[in-house]
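# Observations on chain architecture
Read off the chains here:
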Amino acid sequence: MFNRIYLSQLPDNPVFYFIPNIIGYVRFVLLFCGMLILYSSVFSTFGMFLCFISFLLDFIDGRIARMLNQTSRFGMYLDMCVDRMFNGMYYNFIISIYPENTYQIFMWSIFSGLDFVSHFMIGILSLSRKQKSHKRMYNSIWLNRYYQNINYLMYILMFGELFYFQNQIIYKEETQSSSIENNNNYVFYHVFNIASFMYYYVCMVIYLAKQYVNYLQLSHACLTIAKNDFTPSNDKK
């Protein structure tokens, strides 16, 4: 009965059918299918491809929303939810391929928590201000530069997210190293291995920069919400 009541309201609300929101639904389906494949086969190229397409679509939904004048608070939260699901599922996936590495588990757990909490708090702040975007409300120069410069945002997001995929590639190289060293591709393998690790550390630095942005977002949201709660009467108490 409950589901029937709410489902009956969908045809009357055009927001659910906005083009950018439909892209959000597609991103969710691609991510779910891609991660399902990866959990079944760690080195599946097709699974990584589906996840990567889901990630790339994140760059166009906002542009389409502004171009078609279809921005909405629902779209903002849908986008944030799919992003958090992408990060959370990949965090858990990477932890699953390093089950005995305490450092990896601790590191990814911290990053997962920071990513979720920072966006949760900034989402609450956006909701309280009735804003349709969480990207235009910062006093921080760093955050404004990150969100207002589309190229800056795109490169940090792209290399940050590629860090997930690079962890998977490094794991594949580690598991196949013994068999490759015994064949004629030994030299090629080591050249590729060095390049791969260099790329890994470049992605890691950019990924850490993204985590710093999460920290700034969390700090900004907490300080702003606490400031709104503060009154002179509270100070006298």
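Definitions and cut-offs
- Residues numbered from 1 in each chain as written.
- Predicted model: local features only at pLDDT ≥ 70, side-chain atom pairs only at ≥ 80, totals over all residues.
- Heavy atoms only, no water.
- Patch = residues over 30% accessible without salt bridge, like charges linked within 9 Å, V, L, I, M, F, W, Y side chains within 5 Å.
- Areas by Shrake-Rupley, 256 points an atom, 1.4 Å probe, with all protein chains shown as cover.
- Salt bridge = Lys/Arg side-chain N within 4 Å of Asp/Glu carboxyl O.
- Helix = DSSP H or I, 4+ residues; strand = E, 2+ residues; numbered from the N terminus.
- Buried < 20%, exposed > 50% of the residue type's maximum accessible area, 1.4 Å probe, protein only.
- Axes fitted to C-alpha atoms, helices over the stretch in contact; angles between N-to-C directions.
- Parallel < 35°, antiparallel > 145°, perpendicular 65-115°, else oblique.
- Nonpolar A, V, L, I, M, F, W, Y, C, P; charged D, E, K, R; others polar.
- Phe/Tyr/Trp six-rings, centres within 6.5 Å; stacked < 30°, edge-to-face > 60°.
- Core = buried A, V, L, I, M, F, W, Y, C linked by side-chain atoms within 4.5 Å.
- Contact = heavy atoms within 4.5 Å.

## Examining a nonpolar patch on the surface
Residues Tyr 17, Ile 19, Ile 22, Tyr 25, Val 26, Met 67, Leu 68 and Phe 74 make up a contiguous nonpolar surface patch of about 710 Å² in total accessible area. No other element matches the four residues that helix 2 (residues 19-40) contributes to the nonpolar patch. For Tyr 17, a relative accessible area of 44% puts it in the partly exposed group.

## Observations concerning the packing of helix 4 (residues 73-97) against helix 5 (residues 102-128)
Packing of helix 4 against helix 5 brings their axes to within 9 Å, and their N-to-C directions diverge by 170 degrees. Here helix 4 is positioned roughly antiparallel relative to helix 5, judged by the angle of their axes. Its residues placed into classes, the contact of helix 4 with helix 5 shows twelve nonpolar, seven polar and two charged.

## Re the packing of aromatic side chains
Scanning the model with the defined rule gives 23 aromatic pairs in all. Ring centres of Phe 55 and Phe 59 lie 5.2 Å apart, and the angle between their planes is 80 degrees; this geometry places the pair in the edge-to-face category. On the criterion of helical spacing, the pair formed by Phe 55 and Phe 59 is a turn pair, its members being four residues apart in helix 3 (residues 45-67). You can call Phe 59 buried: its relative accessible area is 19%.

## A word on the nonpolar core
Of all hydrophobic cores here, the largest spans 34 residues; its most connected members are Cys 51, Phe 86, Tyr 90, Trp 108 and Tyr 164. Elements represented by at least two residues in this core include exactly helix 2, helix 3, helix 4, helix 5, helix 6 (141-148), helix 7 (150-180) and helix 8 (186-229). No other element matches helix 7, which puts eight residues into this core. Ignoring sequence-local partners within four residues, the contact set of Phe 86 consists of Leu 31, Cys 51, Phe 55, Glu 161, Tyr 164 and Phe 165.

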